[in-house]
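Listed here are the chains, written in short residue letters.
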Amino acid sequence: MKELAKAYNPKDVEKKWYKFWEESGYFYGEVSSKKKPFCITIPPPNVTGESHIGHALCYTLQDVLARWKRMQGYATLCLPGMDHASIAVHRVVEEQLAKEGLSRHLLGREKFLERVWQWKNECSETIKNQFKILGFSFDWSKERFTMDEDYVDAVLETFVRFYNKGYIYRGQRVTNWCPGCQTAISDIEVDREERKEFLYYVSYPLEDGSGSITVATTRPETMLGDTAVAVHPKDERYQKFVGKILVLPLMERRIPIITDEIVDIHFGTGAVKVTPAHDINDFEIAGRHSLPKIVVIGKDGKMTKEAGVFANLDRYQAREEVLRELKAKNYLVKIEDYPLVLGLCERCHTAVEPLLSEQWFMRMKELAVPAIHVVKEGKIKFVPEQFTKVYLDWMENIRDWCISRQLWWGHRIPVWYCQKMKNPKCKMQNGVIVSKIAPQICPYCGSKELVQDEDILDTWFSSALWPFATLGWPKETEELRYFYPTSIMVTGSGIIHLWVARMIITGLEFMQDIPFSSVYINATVLNEDGKRMSKSLGTGIDPLEMIEQYGVDATRFGLMVQAGKAQEIRFGYQKAEMARNFTNKIHNAARFILTNLSDLHFLPSAFCLLPSALELPDRWILSRYHKIIEEVNQVLEEFSFDEASQRFYDFFWHDFCDWYLEIAKLRLGGEEKEQVQSILLLILEGSLRLLHPFMPFITEEIWQKLPRTLPKVRGESIMLANYPKSDKKWFDTLSENQMETIQKIVMAIRNIRSEMNLPPSQMIELQVKCSEPLVITLLLENLSIILNLTRSKNLIINDKIEKPKLSASSVIGQCEIFVPLADLLDVEKEKARLAKEVLNLSKLIDSISRKLTDQAFLNKAPKEVIEREEMKRREYTEKRERLERNLAVLMVLC
């Protein structure tokens, strides 16, 4: 048996054990005919920099599941990888180039991509090292990157198959365009920010001179591209105007008044301008009414020549000029304050422009149908369940997906264009050639003049294949056959639409099966004040800094103890300190137990004992131990990581350490020594296995020190040990109830000692008035425990006891407890102390009560803060009542 260090130092063990696990191949996801598979393909982080606390939460959740299932005997694969993140990486590298006075266009495509690969290699190693520091048991031998050769092949295969089935097409539609990044972007790359803007009312005169219609808009500069004004078909105010022609102010263009049900009668005047090239809803209106589409804002955010005299102006400068002209010509009716949600590119924070451009799109409605059914049928479940509706609402209203991006870093679209198109067949196909392999000649006309499409695919197009492309698809690999479908996807709520939905669609399309059966939506991590984590705002937390101060296990456990169904959790130094204190508690308990097992050279007898052969504390702790095993396994099946963590914490700290360990100290010197040693060792070893998925390092460190006489300790690592299973023969409700009675009595006596300021060295006498024979027998059978835990020298118990004249008392169930104080206290001094403490508590209670009746506080404070204040008031009130009773006892004597 090896000795534990006097104090636990995480730095002494973390690197050592991770290296041991990795080099021993324990993370390897092996295909096995003898085991059930369990597979997680981790959400690939972007190769854009260091991981943050949100990553730490997400991947710790997955590592907990992987370690748990591995110990349960599953062939477990937790497959890591990274995403090339086109737009994000472009932004980072282009900022670097700008500092050097360069740009990607000056470098050229080839040189630029060389710089990006250099960045990727450096960045991916940084992220990988951080994941190793956090103890994640990922199978690094199967690590994937979305720009790996095999993964690229899977992406191109997907494009060609979808194209050949008619799902992919090229056309003009309105998409999110970032003038800063100079590319179309997806909804996930748009941040929404509410701003105080204005609603401008503009008069559009009728061509026949009979009047005008007033239109409200938040973007007057786009009116230069209007091709109609629309009203709702049921809006009686405008029935007589429908079909008439308006003259577009400043442009003198004739535009019709049309009806469309998409119009919101209650917005503005109920008449809306239709600008098909700069609004997705207007684009769809134009399609229904065959309206022209005029682009007046270019890809650079400047007005085009179609904007007339406003051409070449920045769009916001153009807004001011347009307003000036409208006012000068009496078209501007009025301006109102208006809250507007503005879309900003999450990378460069430029205002996104809805813009008509030629892009590649994928038809989604038909593909969405089976992906809707598998969720409705319960084949895929969202946790928390509320996100099922989020998923279905989006899928049932899905639009075609813009899959092209005007960037260089990424999967280049596998489309070539013939520059000759002499052959009629070539012309009929528009000279478009779709192929995984670069064609040498045009298959239609034989021309060698072929040019590949400049665009790349949206990053989400490639990540949609993640659950099966990482396992080798389109090849029929052994891993693909064994581990697909994967078991669970853990991710954030923000990418349900853009990633989870698309993984389900592609999985059903190419694998004819769901990609996973469960989707766990992890919470957003806020700081302790409830603010969003942000390094720029000084509210962010670097997980590596937390680890440096508290250790990996404490950081992980501090996150897990909150990781339940709530979608926002607060994390900071308080939680990390709590978890660090817990690691110290585990270490100290283990050290005490191992120190007291130095003479253990036999098979622990507790493994062979029947419950009836044990004392009450033993039966109680073994019942609690087996019940906590069942509870932890059950709540982990439900993905309630917080409950699993908290229940184990309560069991180990309170039941095992605070009670059983303290009782065991009284018995290690007597005839029961062997029995107590055996139970201490049994529960310590099982608890380490139970905790291992959450705190891998300290559990391995202690487990390796355990004596090899223990039957469970036979592997080289705790990672290979079996996860505990409960044995119902040890469930003992009677013993738990009996022990609870003893605990309540001990705690009541301890409270009296504390409230009366009796020092631990001062022995007391106890008197218990009780008429229940079973309770009397229970107390007498456990007399030694009660006396030792309360520092008492004697206990008198019967139903005839009268309350001593000077005594403190407490009622526990059928027992009235008296502690005689006559020979223990300086009455006057104690009265003064109690009176002062009652006064201080009253002040605290009054202060909290004022806060809880302050409407301003109640309106602003988070729910958790209010609940915390109410709990403090209850605790202070209960304590004051106890002290007042004790003070009343002393007052009688004076």
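Thresholds applied
Residues numbered from 1 in each chain as written. Predicted model: local features only at pLDDT ≥ 70, side-chain atom pairs only at ≥ 80, totals over all residues. Heavy atoms only, no water. Helix = DSSP H or I, 4+ residues; strand = E, 2+ residues; numbered from the N terminus. Expected span 1.5 Å × (residues − 1). Buried < 20%, exposed > 50% of the residue type's maximum accessible area, 1.4 Å probe, protein only. Arc of directions from axis to C-beta. Contact = heavy atoms within 4.5 Å. Core = buried A, V, L, I, M, F, W, Y, C linked by side-chain atoms within 4.5 Å. Phe/Tyr/Trp six-rings, centres within 6.5 Å; stacked < 30°, edge-to-face > 60°. Lys NZ or Arg CZ within 6 Å of the ring centre and 35° of its normal. Axes fitted to C-alpha atoms, helices over the stretch in contact; angles between N-to-C directions. Parallel < 35°, antiparallel > 145°, perpendicular 65-115°, else oblique. Left-handed = near helix turned anticlockwise from the far one by under 90°. Disulfide = S-S within 2.5 Å. Pairing = 2+ DSSP bridges.

A. Looking closely at helix H8 (residues 315-328). With 14 residues, H8 should cover 20 Å at 1.5 Å per step; its first-to-last C-alpha distance of 20 Å lies within 8% of that length. Along H8, the positions that sit buried rather than exposed are Arg-315, Ala-318, Arg-319, Val-322, Leu-323 and Leu-326. Down the axis of H8, the buried set is contained in an arc of 135°. They therefore lie on one face. Opposite the packed face of H8, turned more than 90 degrees from it, sit the exposed residues Lys-327 and Ala-328. Taken together, the buried residues of H8 touch strand E7 (190-205), strand E13 (332-345) and strand E14 (353-362). Positive phi appears at Asn-330, one or two residues downstream of H8, with a value of about 65°.

B. Looking closely at the nonpolar core. One finds Phe-641, Phe-652 and Phe-656 to be the most contacted residues of the largest nonpolar core, which totals 160 residues. For this core, the leading source of residues is helix H20 (residues 641-667), giving 14 residues. If we skip the residues at most four places from it in the chain, Phe-641 touches Leu-61, Val-64, Leu-65, Tyr-520, Met-560, Ala-563, Leu-636 and Phe-694. Within the second largest apolar cluster, 65 residues are counted, among which are Tyr-151, Val-160, Val-374 and Met-511.

C. Looking closely at the packing of aromatic side chains. As enumerated under the stated definition, the model contains 48 aromatic pairs in all. Here Trp-17 and Phe-20 contribute two aromatic rings whose centre-to-centre distance is 5.4 Å and whose plane-to-plane angle is 75°, an arrangement assigned as edge-to-face. Here Trp-17 and its partner Phe-20 are both found in helix H1 (residues 14-23), three residues apart, which amounts to about one turn of the helix. The exposure class of Trp-17 is buried, given its relative accessible area of 10%. Of the residues examined, Phe-20 reaches a relative accessible area of 24% and is grouped as partly exposed. Each member of the aromatic cluster is reached from another via a ring pair, and the members are Phe-557, Phe-582, Phe-648, Tyr-649, Phe-652, Trp-653, Phe-656 and Tyr-660. A cation sits over an aromatic face here: Lys-69 above Trp-68, 4.4 Å from the ring centre. Here Lys-627 stacks its cationic end above the ring of Phe-731, 5.8 Å away from the centre of that ring.

D. Main features of the packing of helix H21 (residues 673-691) against helix H22 (residues 696-703). With their axes 9 Å apart at the nearest point, H21 and H22 run at an angle of 150° to one another. In terms of axis orientation, H21 runs roughly antiparallel to H22. For H21 against H22, the interelement crossing comes out left-handed. Contacts between H21 and H22 involve Glu-685, Leu-688, Arg-689 and Leu-691 on the former and, on the latter, Thr-699, Ile-702 and Trp-703.

E. Quick look at the environment of Arg-647. You can see Arg-647 is positioned in helix H20. Remark: the alpha-carbon pair of Arg-647 and Ile-628, spanning 19 residues in sequence, is separated by 7.1 Å. Beyond its immediate sequence surroundings of up to four residues, Arg-647 is in contact with Ile-628, Glu-631 and Val-635.

F. Inspection of the state of the cysteines at higher detail. Within this structure, the stated rule accounts for zero disulfides. With no disulfide partner, Cys-39 has as its closest neighbouring cysteine sulfur the one in Cys-78, 8.0 Å distant. For the unlinked cysteine Cys-445, the closest cysteine sulfur is that of Cys-418, found at 3.4 Å. In this structure Cys-445 comes out as partly exposed when scored by relative accessible area, which is 27%.

G. Molecular detail of the sheet that holds strand E26 (residues 764-769). Read across the open sheet, the four strands follow the order E27-E26-E29-E28; overall the sheet is mixed. Unpaired on one side and paired on the other, strand E27 (792-798) and strand E28 (807-812) mark the two borders of the sheet. In this sheet, adjacent strand axes meet at a mean angle of 20° when their direction is disregarded. Sheet topology places E26 next to strand E29 (residues 815-820); three bridges connect them, and they run antiparallel. Following the sheet pairing, Val-768 is matched in E29 by Ile-817. Against the sheet, helix H24 (residues 773-781) makes contact with E26, E27 and E29, and its axis sits at roughly 160° relative to E27, the strand it touches most.

H. Here's a closer look at unusual backbone geometry. For the bond running from Val-383 to Pro-384, omega is 0°, close enough to zero to count as cis. For Pro-384, the position within the fold is in the loop between strand E15 (381-383) and helix H10 (387-396). The residue after Trp-473, namely Pro-474, is reached through a cis peptide bond having omega 15°. Locating Pro-474 in the fold gives a position in the loop between helix H13 (466-469) and helix H14 (478-483). Even without glycine at this site, Gln-182 takes up a positive phi of about 60°. Note on Gln-182: relative accessible area 30%, which makes it partly exposed. Of note in the backbone geometry, His-349 takes a positive phi value of approximately 65° without being a glycine. Here His-349 is to be found in the loop between E13 and E14.

In short, shape yes, function no, at least from these values alone.
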